[in-house]
Amino acid sequence: MLETFAKTKYKEVKECIAEYGKVRSGGNPSVARGIARLSKHFDDMTQKFFDEPFVFEVIVDKVIHRGESSEASGSQDKNDVVRDIINELQHEIPRRYLHLSESLKFCVGKKELAFKHWPERLVEFTKIEVPVRSKIPWSEDFGEMTPDSYHMSIFLEFDRYRIADPETGIRTHKGCTLYIYSRACGRMIQYEADARAILGLSAGGTDFCQALTVII
């Protein structure tokens, strides 16, 4: 592999591997160490998912806390930061993606993710379908459905976790939130913590302050 990455056409790949070969932030790059580290990841991945035909892995390296310098303050601090990031990813990834195929498996750390973020949180579920055509505003009547048209799904519900924290019973953020997801891939492309003005709802009073959640 050292001979392969010594070729000119792999110059950028070699530099990337050498950077990954640093023992610590600020250390010296090493292609050999980088190859050894990547090889170990590959071995671990093939053993863990030996029965899966297609696998990819994302590696997060040399993690530092927000606002800290690149020099780690201690091994325990680094472990705490990594644990916090892993926990955040385990929570955020299922929230940011919808309608993924059940044939796909995702693991963060040692936990396999279940993409059931919204079904486990929402109550009083309502679904509205609005016909949309790519070149005509949705508010206009464009007649019969055509190949370039589709139904945009709008979900209205209440987030029981935002009405009251299940562990403390303390009420948390209860404003009307808006989530917009890509129809093609299911990835969240916009989030509004307080969408009352955008949706033309009253900004005062308590009519819409009970964790109303709108998903498009």
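Scoring rules and cut-offs
One numbering rule holds for all chains: residues counted from 1, following each sequence as written. The predicted origin of the model limits local features to residues at a pLDDT of at least 70 and limits the giving and counting of side-chain atom pairs to 80 or more, whereas totals for whole chains, interfaces and linings rest on all residues. Hydrogens are left out, water is left out, and the side-chain values use all remaining heavy atoms of the structure. Helix and strand labels come from DSSP, where a helix needs a run of H or I of at least four residues and a strand needs a run of E of at least two; each type is numbered from the N terminus. We call a residue buried when its accessible area falls under 20% of the maximum for its residue type, exposed when it is over 50%, and partly exposed in between, using a 1.4 Å probe and counting protein chains only. What sets the accessible areas is the Shrake-Rupley method with a 1.4 Å probe; for residues, cover comes only from the shown protein chains. Any pair of residues with heavy atoms lying within 4.5 Å of one another is described as a contacting pair. N or O atoms closer than or at 3.5 Å make up a polar contact, with two conditions inside protein: a donor-capable atom paired with an acceptor-capable one, and, for residues adjacent in sequence, both atoms drawn from side chains. Note on aromatic pairs: the rings of Phe, Tyr and Trp (six-membered ring only in Trp) are paired at centre separations within 6.5 Å, and the planes decide the class, stacked below 30 degrees, edge-to-face beyond 60, tilted for the rest. We define a salt bridge as a contact between a side-chain nitrogen of Lys or Arg and a carboxyl oxygen of Asp or Glu at a distance within 4 Å. What the arc covers is the set of directions going from the helix axis to the C-beta atoms. What makes a nonpolar core is a set of buried Ala, Val, Leu, Ile, Met, Phe, Trp, Tyr and Cys residues whose side-chain atoms join them at distances within 4.5 Å. Only strands that DSSP links by at least two bridges are regarded as paired with each other. Each axis is a line fitted through C-alpha atoms, taken for helices only over the stretch in contact, and angles between the N-to-C directions span 0 to 180 degrees.

Participant: Help me understand the overall build of the protein chain in this model?
Facilitator: Helix and strand content of the protein chain: 5 helices and 7 strands. Within the protein chain, the proportion of its 216 residues that are buried is 23%. Accessible surface, the protein chain as shown: approximately 15,600 Å² in total, 54% of it carbon and sulfur.

Participant: Would you take a moment to explain the side chain of Arg121 for this structure?
Facilitator: Looking at where Arg121 falls in the secondary structure, it is placed in the loop between strand S2 (111-112) and strand S3 (122-133). With near-sequence residues (within four places) excluded, Arg121 lies in contact with His91, Phe158, Asp159, Arg160, Tyr161 and Arg162.

Participant: Help me understand the side chain of Gln90, please; the structure alone is not making it clear to me.
Facilitator: Looking at where Gln90 falls in the secondary structure, it is placed in helix H4 (residues 75-96). Residue class for Gln90 comes out buried when judged on its relative accessible area of 16%. A polar atom in the side chain of Gln90 sits 2.9 Å from the backbone oxygen of Val108. Setting aside anything within four residues of it in sequence, one finds Gln90 in contact with Val108, Lys111 and Leu113.

Participant: Explain the packing of aromatic side chains here, please?
Facilitator: Geometry of an aromatic ring pair is reported as the spacing of the ring centres plus the angle between the planes. Within this structure, the stated rule accounts for 5 aromatic pairs. Seen in terms of ring centroids, Phe5 and Tyr10 are 6.2 Å apart; in terms of plane orientation they differ by 75 degrees. Their pairing is edge-to-face. Classification of Tyr10 by relative accessible area gives partly exposed; the value is 28%. Relative to Phe155, the ring of Phe125 has its centre 5.4 Å away and its plane inclined at 40 degrees; by these criteria the two rings are tilted.

Participant: Please clarify how the pattern of salt bridges should be interpreted in this entry.
Facilitator: Between side chains of opposite charge, a pair can form as their charged atoms come close. With the rule as written, the count across this model stands at 9 salt bridges. For Lys22, the salt bridge goes to Glu19, with nearest N and O atoms at 2.9 Å. Residue Glu52 pairs with Lys105 through a salt bridge whose shortest N-O separation is 3.4 Å. Of the two residues, Glu52 is situated in the loop between helix H3 (31-48) and H4 and Lys105 in the loop between H4 and strand S1 (107-108); the sequence distance between them amounts to 53 residues. Judged by its relative accessible area of 27%, Glu52 is partly exposed. Under the relative-accessibility criterion, Lys105 is labelled exposed at 54%. Beyond isolated ion pairs, a larger network of salt bridges with shared partners links Glu92, Arg95 and Arg96.

Participant: Hey, could you run me through helix H2 (residues 11-20) in this one?
Facilitator: Within an α-helix, residues lying three or four positions from one another point in the same direction, as the helix has 3.6 residues per turn. If you check which residues of H2 are buried, you get Ile17, Ala18 and Tyr20. Taken around the axis of H2, the buried residues stretch over an arc of 160 degrees, which confines them to a single face. In H2, the exposed residues that point more than 90 degrees away from the buried face are Lys11, Glu12 and Cys16. For H2, the secondary structure elements touched by its buried residues are helix H1 (2-5) and H3.

Participant: I'm lost on the nonpolar core in this one. Help?
Facilitator: Across soluble globular proteins, nonpolar side chains have a tendency to be buried as a group. Judged by nonpolar contacts, Val130, Ile154, Cys176, Leu178, Ala195, Leu212 and Val214 together constitute the single largest core of 7 residues. Setting aside anything within four residues of it in sequence, one finds Ala195 in contact with Cys176, Thr177 and Leu178.

Participant: Please explain the environment of Lys78 as it appears in this structure.
Facilitator: Relative to the helices and strands, Lys78 is located in helix H4. Note: C-alpha distance between Lys78 and Lys62 (16 residues apart in sequence) is 8.8 Å.

Participant: Please explain the sheet that holds strand S4 (residues 149-159) as it appears in this structure.
Facilitator: One key point about sheets: their strands pair by backbone hydrogen bonds, in either a parallel or an antiparallel sense. As summarised here, the arrangement of the 5 strands in space is S3-S4-S7-S5-S6, forming an open sheet in which the pairing is mixed. Only two strands of the sheet have a single partner each, and these edge strands are S3 and strand S6 (188-192). For this sheet, the mean inter-axis angle between neighbouring strands, taken without regard to orientation, is 15 degrees. Where strand S5 (residues 177-181) and S6 come together, 4 bridges link them in antiparallel fashion. Within the sheet, the bridge partner assigned to Leu178 lies in S6 and is Glu192.

Participant: Any chance you could explain unusual backbone geometry here in plain terms?
Facilitator: The phi angle of most residues is negative, glycine excepted, and most peptide bonds adopt the trans form. The residue His99 is not glycine, and still its phi comes out positive at about 35 degrees. Positionally, His99 belongs in the loop between H4 and S1. Looking at His99, the relative accessible area reads 54%, which means it is exposed.

These values are about where atoms sit, not about what they do.
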